[in-house]
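Residues per chain, in single letters:
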Amino acid sequence: MTGLLSALRFLPAAAATLLAVTAAAPVAQARPEPKAPEEFVALRSVDPTIIQEMRYPTAHNFMGVPVDGYRQPVCILTRPAARALHRAQTRLLKQGYSLKVYDCYRPQRGVDHFVRWAKDLDDETMKGEFYPRVDKKRLFEDGYIAEKSGHSRGSTVDLTLVKLPVAPAGPYLPGQKPVPCYAPEANRFPDNSVDMGTGYDCFDTLSHTDDPRIQGAQRTNRQFLKKTLTDAGFVNLAEEWWHYTFKPELFPDTYFDFPVARRSVAGH
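The structure presented is a predicted model; accordingly, all values stated were derived computationally and were not measured.

Trainee: Would you explain the overall build of the protein chain in this entry?
Mentor: Across its full length, the protein chain holds six helices and seven strands. Counted from the first residue to the last, the protein chain has its helices and strands arranged as α-β-α-β-β-α-β-α-α-β-α-β-β. When each of the 268 residues of the protein chain is scored for burial, the buried share is 46%. Carbon together with sulfur atoms contributes 59% to the accessible area of the protein chain, which is approximately 13700 Å² in total.

Trainee: What's the story with the packing of helix 3 (residues 79-93) against helix 6 (residues 216-231) in this structure? I'm lost.
Mentor: If you want to describe how two helices pack, look at the angle between their axes and the distance between the axes. Across the interface, helix 3 lies against helix 6 with an axial gap of 9 Å and an inter-helix angle of 130 degrees. Our classification of the angle between helix 3 and helix 6 gives oblique. Where helix 3 crosses over helix 6, the two elements pack in a sense that is right-handed. Along its contact with helix 3, which presents Leu 85, Ala 88, Arg 91 and Leu 92, the element helix 6 presents Phe 224, Lys 227, Thr 228, Leu 229 and Asp 231. Class assignment for the residues of the contact of helix 3 with helix 6 results in five nonpolar, one polar and three charged.

Trainee: Where do I start with the pairing of strand 7 (residues 243-246) in this structure?
Mentor: For a regular strand, side-chain orientation follows a simple rule: the groups alternate between the two sheet faces. Here strand 7 shows a buried face lined by His 243 and Thr 245 and a second buried face lined by Tyr 244 and Phe 246. Sheet topology note: the strand 5 (residues 156-163)/strand 7 ladder contains three bridges and is antiparallel. The partner of Asp 158 across the bridge, within strand 7, is His 243. Where strand 6 (residues 234-236) folds back on strand 7, the antiparallel hairpin that results is connected by six residues.

Trainee: Help me out: how do you make sense of the sheet that holds strand 2 (residues 51-52) in this one?
Mentor: Paired through their backbone hydrogen bonds, the strands of a sheet run either parallel or antiparallel. Read from one edge of the open sheet, five strands run 2-4-5-7-6, paired in mixed fashion. Each having just a single partner strand, strand 2 and strand 6 make up the two edges of the open sheet. With three bridges joining them, strand 6 and strand 7 adopt antiparallel strand pairing. Within strand 7, the position partnered with Val 235 by the bridge is Thr 245. Its contacts with the sheet place helix 3 against strand 4 (97-103), strand 5, strand 6 and strand 7, and it is angled at close to 145 degrees to strand 4. Across the sheet, helix 6 lies against strand 4, strand 5, strand 6 and strand 7, angled at about 125 degrees from strand 5, the strand it touches most.

Trainee: Quick question: what am I supposed to make of the pattern of salt bridges here?
Mentor: Going through the model one piece at a time under the given rule, you end up with 21 salt bridges. The partner of Lys 137 in a salt bridge is Asp 135, with the nearest N and O atoms 3.0 Å apart. Of the residues examined, Lys 137 reaches a relative accessible area of 57% and is grouped as exposed. One salt-bridge network, in which partners are shared between bridges, spans Glu 33, Arg 71, Arg 109 and Asp 257.

Cut-off values and rules
Along each chain, the written sequence defines residue order, and numbers are assigned to residues from 1. Two thresholds apply to this predicted model, a pLDDT of at least 70 for residue-level local features and 80 or more for giving and counting side-chain atom pairs, whereas whole-chain, interface and lining totals are computed over all residues. Calculation of side-chain values draws on the structure's entire complement of heavy atoms; hydrogens and water are dropped beforehand. Where helices and strands are cited, they refer to DSSP runs of H or I of at least four residues and of E of at least two residues respectively, numbered from the N terminus. For every residue, the accessible area obtained with a 1.4 Å probe (protein chains only) is divided by the maximum for its type, and the residue is called buried under 20%, exposed over 50%, and partly exposed between those limits. Methods summary: accessible areas were calculated by the Shrake-Rupley approach with a probe of 1.4 Å, and residue burial reflects only the protein chains presented. Helix axes are fitted only over the stretch in contact, all axes being lines through C-alpha atoms; the angle between N-to-C directions runs from 0 to 180 degrees. Note on angle classes: values under 35 degrees are labelled roughly parallel, values over 145 roughly antiparallel, values of 65 to 115 roughly perpendicular, and the remainder oblique. Crossings are assigned a handedness: left-handed for a near helix turned anticlockwise from the far helix by less than a right angle, right-handed for a clockwise turn. Throughout, a contact is declared for two residues whenever any of their heavy atoms are within 4.5 Å. Think of it as three bins: nonpolar holds Ala, Val, Leu, Ile, Met, Phe, Trp, Tyr, Cys and Pro, charged holds Asp, Glu, Lys and Arg, and polar takes everything else, Gly as well. A pair of strands is labelled paired if DSSP reports no fewer than 2 bridges between them. In what follows, salt bridge is the name for a side-chain nitrogen of Lys or Arg lying within 4 Å of a carboxyl oxygen of Asp or Glu.

Dropping the structure here:
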């Protein structure tokens, strides 16, 4: 009994020592998300009339799942690129058209997600729509997927044209029967844009801006978009009719990783 009483006398002191050690231990805290530099803005704050159908926060993309780093469906760009789009939009509205953006700034973590997906040869969930004629083993070799993207520098945008008045876009239902992205317009996913000959993000040589097989109204639409954006200071990527980069870039050598979210550019 004496031993038990002695042990009980030491309990308060031991508890106090434990509390002191616990209080002194550093508390693990989550790393704060990086914010965009002041030179980045939400496109809507520069031009609210440009239509935004941001694909990567949704499952309607070539992977079939939302892309890492896309927290909200918001287009973020460097301020000069956003202002250049505004100039192009002002011109287009007078001609009965509007721009529609699919993707703008892309965080590096999103690009890393693309790379992981491309290396998983068993995942071909969206092959029937986005790359029906391409062997997934060739996505890197053929240039469809890369470890770095100009989008991460903030001055590149994927976009198309919409005829005014704007018709409603068709809803995407996960699991719906895929239709090849190069199918006739009436059969492709109805995204309310003018006919460019393929859908957005179509991994196919028909997506090359000046592919000679694209003729008639489809070719006219591509050239109309190209001329409008070239006049505003953008340069087209020849392999993708939808891909344009504003020049000169503010950050030609920097690949950012802040998330696509309104808070990333709050107050800019």
